[in-house]
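# Observations on chain architecture
So the chains spell out like this:
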Amino acid sequence: MKRSNVIMLIASLLPLGLFFFPLWKITLEAPQYPIPLGMYIHINDFSDVHPHDIKNINLMNHYVGMKYIPEAIPEFKIFPIGIIITTLIGLIIAFKGNHKWFLFWFVLMIVLSSAGLYDFYLWEHDYGHDLDPKAIMKFTNPDGSVMGFQPPLFGSKDILNFRAHSYPRLGALFLGLGIIASFTAYLTGKKNNKKPVTM
């Protein structure tokens, strides 16, 4: 097997790390919580950083009219299937394809990952802005509009007296490394495919 195909083989397997490690982590810091509240976002589940974190976040959010963090969302069924299918495609390409197919897989993963990030943003926006009008506590912006409580997609943000942090975790790293490796496989295969110049 050519070196480029070996790299592509590794690239196609790396995203499987999403089944073993969290994709993202959201943390909330506040003076009333000596130990920050946090949750991990997996490819197929939400989980607590510390015991009962999600329960405490839901109780806190109830007062400002935010929805409860659900036990499951439709994406938890779609994303695992997507990763398995793209991994199988990557394996077939690694054994049968050339550098042009490596580029196809790279572009495919970029498009799907971007769509996943956009879906995550939409979920966060709905979670932070679709508030219950009968909420116990209501907050408004200086212009009089209802204040939203959307956590950041990436980075840190102040929300009332909370400091929210949102950053990728090890699962996202495996996915990113797989995408980078597939582009490396493409470059390697393209270089090896060039015919030597004859004098």
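Counting of residues starts from 1 at the beginning of each chain's written sequence and follows it residue by residue. For a predicted model such as this one, the threshold for reporting local features is a pLDDT of at least 70, and the threshold for listing and counting side-chain atom pairs is 80 or more; totals across whole chains, interfaces and linings nevertheless cover every residue. Values shown for side chains rest on all heavy atoms present in the structure; no hydrogens or waters enter the calculation.

### Section: a positive patch on the surface
- A grouping of Arg 3, Lys 190, Lys 191 and Lys 194 is seen on the molecular surface, where their side chains present a positively charged patch.
- Residue placement: Lys 190 occurs in helix α5 (residues 170-193).
- On the accessibility criterion, Lys 190 (38% relative accessible area) is partly exposed. The patch calculation keeps residues exceeding 30% relative accessible area without a salt bridge and links them within 9 Å when they carry like charges or within 5 Å when they are nonpolar (Val, Leu, Ile, Met, Phe, Trp, Tyr). To be clear on the numbers: accessible area is Shrake-Rupley with a 1.4 Å probe, and residue cover counts the displayed protein chains and nothing else. Salt bridges are identified by distance alone: a Lys or Arg side-chain nitrogen within 4 Å of an Asp or Glu carboxyl oxygen. Two residue types count as positive, namely Lys and Arg, and two as negative, namely Asp and Glu; His and chain ends fall outside the count. Here the site of a charge means NZ on Lys, CZ on Arg, CG on Asp, or CD on Glu. Counting from the N terminus, the helices are the DSSP runs of H or I reaching at least four residues and the strands are the DSSP runs of E reaching at least two. Buried means the residue's accessible area, taken with a 1.4 Å probe over protein chains only, is under 20% of the maximum for its type, while exposed means over 50%, and partly exposed covers the values in between.

### What to know about the pairing of strand β5 (residues 162-168)
- At least two DSSP bridges between two strands are required for those strands to pair. By the bridge criterion, six bridges tie strand β1 (residues 24-30) to β5 in an arrangement that is antiparallel. Counted as the bridge partner of Thr 27 is His 165 from β5.
- In this sheet, β5 lies alongside strand β4 (residues 155-159) in antiparallel orientation, the contact comprising five bridges. Bridge assignment links Gly 155 to a residue of β5, and that residue is Ser 166.
- Here β4 folds back onto β5, and the loop between the two strands holds two residues, one of which, Leu 160, carries a positive phi near 55 degrees.

### Description of the side chain of Asn 5
- Considering the arrangement of structural elements, one finds Asn 5 in helix α1 (residues 3-13).
- You can call Asn 5 buried: its relative accessible area is 9%.
- Any pair of residues with heavy atoms lying within 4.5 Å of one another is described as a contacting pair. What Asn 5 contacts, discounting residues up to four positions off in sequence, is Ile 93, Ala 94, Gly 97 and Phe 102.

### Points about the nonpolar core
- As used here, the term nonpolar core means buried Ala, Val, Leu, Ile, Met, Phe, Trp, Tyr and Cys residues forming a set that is joined through side-chain atoms within 4.5 Å. In terms of nonpolar packing, the biggest core is built from 25 residues, with Leu 28, Met 39, Ile 41, Phe 46, Ile 57, Ile 69 and Phe 149 touching the most fellow members.
- Among the elements that line this core, the one with the most residues is β1, at four residues.
- Setting aside anything within four residues of it in sequence, one finds Ile 69 in contact with Met 39, Phe 46, Ile 54, Ile 57, Asn 58 and Tyr 127.
- If you look at the next biggest cluster of nonpolar residues, it comprises 17 residues, including Ile 93, Ala 94, Trp 105 and Met 109.

### Quick look at unusual backbone geometry
- A positive phi angle, near 70 degrees, is found at His 52, a position not held by glycine.
- Summarising the element assignment, His 52 is placed in the loop between β3 (46-48) and α2 (53-62).

### With respect to a nonpolar patch on the surface
- A cluster of nonpolar side chains, namely Phe 19, Phe 20, Phe 21, Ile 84, Leu 88, Leu 170, Leu 173, Leu 177 and Ile 180, defines an oily patch on the protein surface of about 840 Å² accessible area.
- Contributing elements (two or more residues each) for the nonpolar patch: α3 (75-96) and α5.
- A per-element tally of the nonpolar patch places α5 first, with four residues.
- Position of Leu 173 relative to the elements: it lies in helix α5.

### Regarding the UniProt feature "transmembrane region" (unreviewed entry) in the protein
- Within the UniProt annotation, "transmembrane region" (unreviewed entry) is assigned to residues 76-95, 102-123 and 170-189.
- In residues 102-123, helix accounts for 100% and strand for 0%; the two terminal C-alpha atoms are 32 Å from one another.
- Taken end to end, residues 170-189 is 100% helix and 0% strand, and its first and last C-alpha atoms sit 28 Å apart. UniProt positions are given in the numbering used here, feature names are shortened, and annotations may be inferred rather than shown by experiment.

### As for the sheet that holds β3
- The five strands lie next to each other as β3-β2-β1-β5-β4, forming an open sheet whose pairing is antiparallel. Only two strands of the sheet have a single partner each, and these edge strands are β3 and β4. Going across the sheet, the axis of each strand differs from the next one's by a mean of 20 degrees, ignoring polarity.
- Only the stretch in contact is used when a helix axis is fitted, and all axes are lines through C-alpha atoms; the angle between N-to-C directions ranges over 0 to 180 degrees. Packed onto the sheet, α2 meets β1, β2 (33-41), β3 and β5 and runs at close to 105 degrees relative to β2.

### Considerations on the packing of aromatic side chains
- Planes of paired rings set the category: under 30 degrees apart is stacked, over 60 is edge-to-face and the rest tilted, where pairs are Phe, Tyr or Trp rings (Trp by its six-membered ring) whose centres lie within 6.5 Å. According to the stated counting rule, one finds 11 aromatic pairs in the structure shown.
- With centroids separated by 5.4 Å and ring planes inclined at 5 degrees, the aromatic side chains of Phe 21 and Phe 174 adopt a geometry described as stacked. Of the two residues, Phe 21 sits in the loop between α1 and β1 while Phe 174 sits in helix α5, which places them 153 residues apart along the sequence.
- We classify Phe 21 as partly exposed; its relative accessible area is 31%.
- Exposure remark for Phe 174: the relative accessible area of 25% places this residue in the partly exposed category.
- Counting every residue linked through ring pairs, the aromatic cluster contains Trp 24, Phe 46, Phe 76, Phe 120, Trp 123 and Tyr 127.

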